[in-house]
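Fold and geometry: a report
Here are the chains, one letter per residue:
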Amino acid sequence: MRKTTTATTTALLTCVLLVTGCGSGDTGETTPSPRQDNSVAPESSSLTADLALPAENYIFSEAEIAQLTRAMSSIARTCMKEAGFTYRPETGQSPDIGVMDRRYGVANSSTAQTYGYHFPSPKADRKSGATSLSEAGRVALGGKPLADGRLDPDGGCIGEAKRRLAGSDAEFGPDDTARKLNMESYARSQKDPRVLAAFRTWSACMAEKGYRYDSPMDAIDDPAFADEKANATEISTARADVECKEKTGLVRTWFDVESAWQRTEIEKDAEVFDGIERHKTDQLKRAAAELGESD
């Protein structure tokens, strides 16, 4: 499965789906957290190892989403037990690859060599407990379905878990304002003259190696790379992609443009973003306390 270059899905939704056993391999809106080199994505091979966007202070990293998910699972499991149901949330392990590795296309020579433009899928340790629940159990877990058939996001034990982690009268999970900032800056950056000039330089470098793409997104979305696993051609293209990014300085140029725009927008509403950061911190503290991980 390939991973797109930007955070386009709601981490909150993914978090809830994981608890109910409908997990996805793409957590969508996440940011990298510091980590040691590992076999999947060694930082020493990444062009983005030292890069952190301003928005990262306000949205949730991969590790933070995982922490919220574990806390939700813990609360939901206890709630279900009190309701007379046995519920074992799905457990799994996602590859330790930071979003910055893929925000500007593949930027890690090690992952390019192994996966090309593909992203390794997480492996669940066991079947989700939600799939084995009775109808009454599913209602207890997720609440009664809404009139349009969708799951009630505030219903059942999942709703209770969200309220406990969010705090009174507060929204659970990522803030929409911060999430939109992170998405909009990515979209805007692709139209910036400096980034477009960097694309042209990168494209010329790729052409010298025998690959013809106007931008890194065109390479990622090449229909020739749509198979289940990366073939030799995809891997060689991805390797050339990373080499050209390094040679032309594309990643740094793109990052600098996007960072500047984010900082400007954050400074315009500093008080709002201060509140967003506090709420994020509060949720993570509650999650840590639920898991017995608090200081």
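To keep things clear, this report deals only with the structure shown in the data block. (Residues numbered from 1 in each chain as written. Predicted model: local features only at pLDDT ≥ 70, side-chain atom pairs only at ≥ 80, totals over all residues. Heavy atoms only, no water.)

A look at the overall build of the chain
- Along its length, the chain carries 12 helices and two strands.
- Evaluated residue by residue, the chain yields a buried proportion of 47% over its 295 residues.
- Taking as baseline every contact in the chain between residues at least 6 positions apart, the subset at least 24 positions apart corresponds to 79%.
- By element, 49% of the accessible surface of the chain is carried by carbon and sulfur atoms, the whole surface being about 14,600 Å². (Helix = DSSP H or I, 4+ residues; strand = E, 2+ residues; numbered from the N terminus. Buried < 20%, exposed > 50% of the residue type's maximum accessible area, 1.4 Å probe, protein only. Contact = heavy atoms within 4.5 Å. Areas by Shrake-Rupley, 256 points an atom, 1.4 Å probe, with all protein chains shown as cover.)

Things to note about the state of the cysteines
- Scanning the model with the defined rule gives two disulfides in all.
- In this model, Cys 79 is linked to Cys 157 through a disulfide, with the two sulfur atoms separated by 2.1 Å. Given an S-S torsion of about -75°, the disulfide between Cys 79 and Cys 157 has left-handed geometry. Residue Cys 79 is found in helix α2 (residues 62-82), and its partner Cys 157 is found in helix α6 (residues 156-166); the two are separated by 78 residues along the sequence. Here Cys 79 and Cys 157 have matching classes, each one buried.
- A sulfur-sulfur separation of 2.1 Å characterises the disulfide bridge that pairs Cys 205 with Cys 244. When the S-S torsion is -80°, as for the bridge of Cys 205 with Cys 244, the disulfide is left-handed. Linking Cys 205 in helix α8 (residues 193-208) with Cys 244 in helix α10 (residues 232-248), this pair joins segments that are 39 residues apart in sequence.
- If you count the bonded cysteines of the chain from the N-terminus, they pair up as 1-2, 3-4. (Disulfide = S-S within 2.5 Å.)

Thoughts on the pattern of salt bridges
- Inspection of every chain in the model, using the stated rule, returns 12 salt bridges.
- Residue Glu 290 is joined to Arg 164 by a salt bridge in which the shortest nitrogen-to-oxygen separation is 3.0 Å. Remark: Arg 164 occurs in helix α6 and Glu 290 occurs in helix α12 (residues 270-290); sequence separation between them is 126 residues.
- Take Glu 290: its relative accessible area is 25%, and that puts it in the partly exposed class.
- Given a relative accessible area of 44%, Arg 164 falls into the partly exposed group.
- Between Lys 245 and Asp 241 there is a salt bridge; the shortest N-O distance is 2.4 Å. Of the two residues, Lys 245 and Asp 241 both sit in helix α10, four residues apart, roughly one turn of that helix.
- Given the relative accessible area of 0%, Asp 241 is considered buried. (Salt bridge = Lys/Arg side-chain N within 4 Å of Asp/Glu carboxyl O.)

Comments concerning the packing of α2 against α6
- Direction vectors running N to C along α2 and α6 enclose 130°, while the axes themselves pass 8 Å from each other. By the angle between their axes, α2 is oblique relative to α6. Every pair of crossing elements has a handedness; the one defined by α2 and α6 is right-handed. Between α2 and α6, the contacting residues are Leu 68, Ala 71, Met 72, Ile 75, Ala 76, Cys 79 and Met 80 on the first element and Cys 157, Ile 158, Glu 160, Ala 161, Lys 162, Arg 164 and Leu 165 on the second.
- When its residues are assigned to classes, the contact of α2 with α6 shows 11 nonpolar, no polar and three charged. (Axes fitted to C-alpha atoms, helices over the stretch in contact; angles between N-to-C directions. Parallel < 35°, antiparallel > 145°, perpendicular 65-115°, else oblique. Left-handed = near helix turned anticlockwise from the far one by under 90°. Nonpolar A, V, L, I, M, F, W, Y, C, P; charged D, E, K, R; others polar.)

That is the geometry; function is a separate question.
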